[in-house]
Amino acid sequence: MPEPPRPPLSGDRATGLATLRTLWTVRRFEEAVDDLFARGMMHGTMHLSIGQEASATGVCSALREDDLIASTHRGHGHCIAKGAELVPMMAELLAKDTGYCRGRGGSMHIADAARGNLGANGIVGGGVPIAVGAALAQQRLRTGRVAVSFFGDGATNEGAFHEAANLAAIWKLPVVLVCENNKYGMSFSTERSMAVATIAERAAAYGFPGVRVDGNDVDAVHAAATEAVARARAGEGPTLLECVTYRWKGHSKSDKNLYRTREEIEEWRALDPVTRFERRLVEACPGVGEEDVAAVRDAVRDAVRDAVRQAMAAPDADPADLLGDLPAAVFWQPVGTDARREGVAR
Amino acid sequence: MTAVLDGTAAAGAADARTLTYAEAVREALGQAMAEDERVLLMGEDVGVYGGAFGVSGDLFHRFGPERVVDTPISELGFVGAGVGAAMAGLRPVVEIQFSDFTCQAMDQIVNQAAKIHFMLGGAAHVPMVLRAPGGSGTGAAGQHSQSLEAWFAHTPGLKVVMPATAADAKGLLLSAIDDPDPVVVLEHKLLYKASGPVPEEAVRVPLGVAAVPRRGGDLTMVATGVMVGRCLEAAERLAGEGVSASVVDVRTLSPFDAPTVLREVEATGRALLVQEAPRHVGFMAEVAARIVESDAVYRLRAPVARLCGLDTPIPYAPQLERAVVPQVDDVVAAAVRLAGVG
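Rules and cut-offs
Residues numbered from 1 in each chain as written. Chains lettered and ligands numbered in written order. Predicted model: local features only at pLDDT ≥ 70, side-chain atom pairs only at ≥ 80, totals over all residues. Heavy atoms only, no water. UniProt positions renumbered as here; feature names shortened; annotations may be inferred. Helix = DSSP H or I, 4+ residues; strand = E, 2+ residues; numbered from the N terminus. Contact = heavy atoms within 4.5 Å. Buried area = accessible area lost by both parts, 1.4 Å probe. Salt bridge = Lys/Arg side-chain N within 4 Å of Asp/Glu carboxyl O. Polar contact = N/O pair within 3.5 Å; in protein donor to acceptor, adjacent residues only side chain to side chain. Nonpolar A, V, L, I, M, F, W, Y, C, P; charged D, E, K, R; others polar. 1 Å grid on protein atoms, 1.4 Å probe; cavity = no way out; pocket = protein on both sides within 12 Å on 5 of 7 lines; lining within 4 Å. Points joined across faces, edges and corners; volume = space filled by probe spheres on them.

Below, the discussion takes up the UniProt feature "domain: Dehydrogenase E1 component" (unreviewed entry) in chain A. Under the present numbering, the feature "domain: Dehydrogenase E1 component" (unreviewed entry) in UniProt falls on residues 23-319 of chain A. Helix and strand shares over residues 23-319 of chain A are 43% and 10% respectively, and the end C-alpha atoms of the span are 36 Å apart.

Below you can see the structure in the form of structure tokens.
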């Protein structure tokens, strides 16, 4: 049975403010990361999703808590939108022992298994077959869960995407393939990297629906995702959801932005998904006023500041236990009463 | 090339039952699938066809299409699906038709499966088994005959086994399926039709433990895969010439049972390391290094010797193919040379 249609996220006060909180949290978390990096307090590299907050937020708000996601190298937003806590996230990026991955993964591999996040991925397209496999497990185990694969436009030129899309189609798996089309695979534009006009039409090659939405409109993303998730949960198979969006920052920290113009970036900044949703709430959502959105902004600012403070104070990841046992898996849980099988779960 | 087996177990007394290596793998799969409904077999032509080498046989008819899953020819996709399915609740056994085709799936094996438990700080396991037939000897030439075990054994996070007997093919596979981490099982095409005693019960052979199928006093041969049988045959012939050889079957390349290998090498003072794969940067280079960086080095009566495949791709012509990888005569000759030193 398909789920009943849901109202837009901006349709009621509580949902609207919760959504705004998620959008601002992604934005402020990444601004804090950007700042820490610029000040030399965070090492490695960072892929920021500033400007793309609506796709993570809109898609994850269409999911149940026990649904699964597989994320990308630009995955902070997916992680937060799926419900991750800011302190262990920030701790991971700051190379702390209390981080989600105990300092072994960092930004590109951040995961929050308890909330169904199968992990960010440093390989373009690498997470797509994994999400499809996770969906296969849900279908076979009849859990009713759905898996979402987040990936960028660049991934749709990878074999992994095409092979996984085909498997999802022939097995009618409960998976939603979410492309965050931010127009560039590093510096290579979609105009140059593909001869078709849209990502969504690639779904036709595999026989399932491809849907293109304004990826900076969280309500639009949510509506399309809700429909795709319902379709997946009803056993009707995958959907390819193309969210057209834009990253304001460079690909990573070394990007000098030589391949795009200041004007283009400014044009997209005017379509800011966060302030756009904020205005919609104030103008159209019953019971929401300027003071409510200001309160959300203040609360998020405090939460992110607090996360940075707590994460900074946490102990560093320790080389002394680098080769020690890691905690037991969360996803793989032995079932049944066979003691031998319980025994290998560590 | 396709070897289709008749699918029936060789007849024999209950206490001396023999199966072919392929039948032993099938029996392990069947028993694991019967024990645990999360276990499923995925791969190209594993269903009604019964597997390119006849390994899956009747499993499709016993367990149905949900448990014996035919995949399109898309190794990257279905190995990746195996990784995700393993993370999210199943225990997939993924068959690669020829180990050479793991190249198509290398991202999912090396960058994903091997690293996920570590990179996620223990938040997930990948209890996936990747079965792949390797090795030469079938005239299948350069892209269907390689011995790629060193690639996998060099990747932290993967366990790697190479069963040399029918009993180990069953017992190691059962352990691999139980294991919470990804295990690469490199079967050998030439061994599929070889028979041996196999316990009827689902007896596990532990991962990480070498076997010592023969003990002698003059030298220790350390071998993997199809070379174990060749070393045993060579040892038999050497015995007639007055040379007494031990044979160690490494069985599990990762984790590597160094203590057993070192003990056996110390016992004879001479080590002949035999592999089908090319010599350069091969697995036996690691074994040699382990010997010389341990106290076993003081017990050596002769330098460590390696007998390996030539550093070339596998050629097609049968006489060329034979010349590239060690044969029994080569093992005998190398052993005689080594036994005469020191």
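That shown, we press on.
Take the interface of chain B and chain A next. Taken together, the contact between chain B and chain A spans 46 residues of the former and 46 residues of the latter. Summing both sides of the interface, chain B and chain A together bury roughly 3700 Å²; the carbon and sulfur share of this comes to 62%. Linking chain B to chain A there are two salt bridges. For Glu66 of chain B, the salt bridge is made with Arg142 of chain A, and the minimal N-O distance between the two is 3.4 Å. If you look at where chain B meets chain A, you find nine residue pairs in polar contact (both at pLDDT 80 or more). Here the element with the most residues in the side of chain B that touches chain A is helix H3 (residues 75-87) of chain B; it accounts for 11 residues. Tallied by class, residues from the side of chain B that touches chain A come to 22 nonpolar, 13 polar and 11 charged.

Time to look at empty space enclosed by the protein. All names here are of chain B. For the coordinates displayed, the defined rule picks out five cavities of 30 Å³ or more. If you add up the space inside the largest cavity, you get close to 80 Å³. Lining the largest cavity we find 15 residues, and of these Gly134, Gly135, Met162, Leu186 and Glu187 sit closest to its centre. The element contributing the most residues to the lining of the largest cavity is strand S7 (residues 183-188), with three residues. Within the lining of the largest cavity, the residues separate by chemical class into five nonpolar, seven polar and three charged.

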